[in-house]
Amino acid sequence: MSIYILGIESSCDDTSAAVIKDRNILANLVANQHVHKDFGGVVPELASRAHQQNIIPVIDNALATANIRKNQIHAVAYTNGPGLLGSLLVGTSFAKGFALAMGIPLITVNHMHAHILAHFIEDEGQQKAPPFPFLCLTVSGGHTQIVLVRDYHQMEVIGQTIDDAAGETFDKAAKIMGLPYPGGPLIDKHARDGDPNAFPFPHPKVPGLNYSFSGLKTSILYFLRDQLKKDPGFIQKNMNDLAASIQHNIIEILMKQLRRAASQTGIRHVALAGGVSANSGLRKAFEAEKDRGNWEVYIPKFEYCTDNAAMIAIAGYFKYLEKDFSSQTTTPFTRYKD
Ligand code: KG4
Ligand code: ZN
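All figures in this text were calculated on a predicted structure; none of them were measured in a lab. (Residues numbered from 1 in each chain as written. Chains lettered and ligands numbered in written order. Predicted model: local features only at pLDDT ≥ 70, side-chain atom pairs only at ≥ 80, totals over all residues. Heavy atoms only, no water.)

### A word on the pairing of strand E4 (residues 75-81)
Using the following cut-off: Type-normalised accessible area, obtained with a 1.4 Å probe on protein chains alone, sets the label of each residue: buried when under 20%, exposed when over 50%, and partly exposed for intermediate values. A run of H or I in DSSP becomes a helix once it reaches four residues, and a run of E becomes a strand once it reaches two; helices and strands are each numbered from the N terminus. Think of it this way: DSSP has to see at least two bridges between two strands before they count as a pair. We call a crossover right-handed when, viewed with the strands running away from us, the connection from the first strand over the helix to the second turns clockwise.
Here E4 lies mainly inside the structure; seven of its seven residues are buried. Sheet topology places strand E1 (residues 4-9) next to E4; four bridges connect them, and they run parallel. Bridged to Ile-8 within E4 is Tyr-78. One ladder, built from five bridges, connects E4 with strand E5 (residues 106-110); its direction is parallel. By the bridge assignment, Gly-81 is partnered in E5 with Asn-110. With helix H2 (residues 85-102) bridging E4 and its parallel neighbour E5, the resulting β-α-β unit is right-handed.

Given below as structure tokens:
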């Protein structure tokens, strides 16, 4: 018998709903919030209000797109953290109400684990899924982690950022350059026509497999402040080279520790996940490792990189198979936990 799961994602500023039939996607819809653009970042209170407006239409639309009736759904899976509390509460309330009303199991999903499990979604254009165990570089707006993935449920963080996340670094660098939020995709776009070695920035020295990006952010800030004193048009004139150099630096930092993790663990299957995995330079750096014969690499289809509910639904599916259900008293959490 096929299993139908409704997935709900509302941890940050995208309201998303998906329906899957076993590992296949029937619908995966995302309502982006545009209310944050004028503020240069996500405003939590505005995010939760927009989730409240979006959630019912998005879910209704997902069911219609999937051509599925409510009473065909076997379980509802939703993100219960990490994320913004007010945002998480909207998805949580809906999921609990839906499970109760329909008399079906409620499944909590860790957002960061779901990014990794996006590799197991079956859909046209998805590459083959990685075999266990594999390493996953999980890079999003709030997290940067090297994860040793033993199976669908056992994931150990073996390295992580001690300050800013990679996505945050992209966004902050973009903001310093006067680009709108979220700046990551814009840096990616400008970097395509720029010289990655035009402006060298220092690399952090961090012990073990951890990361640090705050030094890079500060050096970009000071470098641009000094250049702007000499030439107020410096950023405009060098936009592409600046974007390419910043992107190159972030990728080098990410790849250095990841190579170290691969050599320490002896694991040759290396995956990429999270919003920053949409970055074309990072995707190329992964492909280059494969071409050199160093690793087997796994990169999700573009639409499963940034936040989406399909990844929540697939994570819910694997929990459903284990009958790993949650109670109505479960509360969301804001900071990452295993
Ligand atoms: O996983 P995600 O969608 O949301 C979180 O869980 O945080 O990641 C969002 C992050 C943002 O910082 C955004 O700027 C970054 O992913 N991002 C990118 C690209 N697309 C999204 N960063 C660099 N290049 C991109 N193409
Ligand atoms: Zn995410």
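### Overview of the domain arrangement of the chain
Cut-off, in case you're wondering: Boundaries between domains were set according to an automatic or database domain assignment. In this description, contact between two residues means that some pair of their heavy atoms is separated by no more than 4.5 Å. Summed over both partners, the accessible area lost on bringing two parts together, with a 1.4 Å probe, is the buried area. A carboxyl oxygen of Asp or Glu within 4 Å of a side-chain nitrogen of Lys or Arg is what we treat as a salt bridge.
You can read the domains of the chain as domain 1 (4-118 + 305-321) and domain 2 (128-299). Relative to domain 2, the C-alpha centre of domain 1 lies at a distance of 27 Å. Between domain 1 and domain 2, the residue contacts involve 16 residues of the former and 20 residues of the latter. Summed over both partners, the interface of domain 1 with domain 2 comes to about 1,500 Å²; 74% of that surface belongs to carbon and sulfur atoms. The interface formed by domain 1 and domain 2 contains zero salt bridges.

### Observations regarding the sheet that holds strand E3 (residues 24-32)
How we decide: Throughout, an axis means a line fitted to C-alpha atoms (over the contacting stretch in the case of helices), and angles, computed between N-to-C directions, take values from 0 to 180 degrees.
Spatially, the five strands line up as an open sheet ordered E3-E2-E1-E4-E5, and their pairing is mixed. Each of the sheet's edge strands pairs with one partner strand only, and the pair in question is E3 and E5. Put simply, the sheet's adjacent strands are angled 20° from each other on average, direction ignored. Most of the contacts of H2 go to E4, to which it runs at about 155°, and overall it touches E1, E4 and E5.

### A word on the nonpolar core
If you look at soluble globular proteins, the nonpolar side chains tend to sit buried side by side. Inclusion rule: Among the buried residues, those of types Ala, Val, Leu, Ile, Met, Phe, Trp, Tyr and Cys that are joined through side-chain atoms within 4.5 Å form a nonpolar core.
Leu-137, Met-177, Leu-254, Leu-258, Leu-282 and Phe-286 are the most contacted members of the largest nonpolar core, which has 46 residues in total. The set of elements that each furnish at least two residues to this core consists of strand E6 (134-139), strand E7 (144-149), helix H4 (166-176), helix H5 (184-191), helix H6 (214-230), helix H7 (234-265), strand E9 (269-273) and helix H8 (280-291). Element by element, the count of residues in this core is highest for H7, at 15 residues. Dropping the residues within four chain positions of it, Leu-137 is found in contact with Gln-145, Ile-146, Tyr-211, Leu-254, Leu-258, Ala-271, Leu-272, Ala-273 and Phe-286. Membership of the second largest hydrophobic core comes to 37 residues, among which are Ile-25, Leu-117, Ile-121 and Ala-309.

### As for the site of ligand 1
Here is the rule: Only a single heavy atom is needed: when it lies within 4 Å of a molecule or strand, its residue is near that molecule or strand. Polar contacts here mean pairs of N or O atoms no more than 3.5 Å apart (in protein, one a potential hydrogen donor and the other a potential acceptor; neighbouring residues in sequence count only if both atoms are side-chain atoms). Computed with the Shrake-Rupley method and a 1.4 Å probe, the accessible areas treat only the protein chains shown as cover for residues. When residues are sorted by character, Ala, Val, Leu, Ile, Met, Phe, Trp, Tyr, Cys and Pro go into the nonpolar class, Asp, Glu, Lys and Arg into the charged class, and all the rest, Gly among them, into the polar class.
The environment of ligand 1 is made up of 18 residues, and the closest members are Gly-141, Asp-171, Asp-188, Gly-275 and Asn-279. His-115 places a polar side-chain atom, nitrogen or oxygen, 3.0 Å from an oxygen atom of ligand 1. The contact in question runs from a nitrogen atom of ligand 1 to an N or O atom on the side chain of Asp-188, over 2.8 Å. Protein chains shield 88% of the accessible area of ligand 1, which is 550 Å² for the free molecule. Counting only elements with at least two residues in the shell around ligand 1, the list comes to helix H3 (111-117), H4 and H5. Residue composition of the shell around ligand 1, by class: five nonpolar, ten polar and three charged. Looking at the shell around ligand 1, you find at least three residues from each of domain 1 (4-118 + 305-321) and domain 2 (128-299).

### Thoughts on the pairing of E9
Every regular strand shows the same layout, with side chains that alternate between the two sheet faces. In terms of burial, E9 is largely enclosed, as four of its five residues are buried. Bridge count for E6 against E9 is four bridges, and the pairing is parallel. Paired with Cys-136 across the bridge in E9 is Ala-271. Here three bridges tie E9 to strand E10 (residues 296-298), and the two strands are oriented parallel to one another. Looking across to E10, one finds that His-269 is bridged to Glu-296.

### Regarding the sheet that holds strand E8 (residues 155-160)
As summarised here, the arrangement of the five strands in space is E8-E7-E6-E9-E10, forming an open sheet in which the pairing is mixed. With partners counted over all chains shown, the strands left at the sheet margins are E8 and E10, one partner each. In this sheet, neighbouring strand axes are inclined to one another by 25° on average, regardless of whether the strands run parallel or antiparallel. Note that E6 and E7 share six bridges and pair antiparallel. Bridging across to E7, Thr-138 finds its partner in Gln-145. Docked against the sheet, H8 engages E6, E9 and E10, running at close to 175° with respect to E9.

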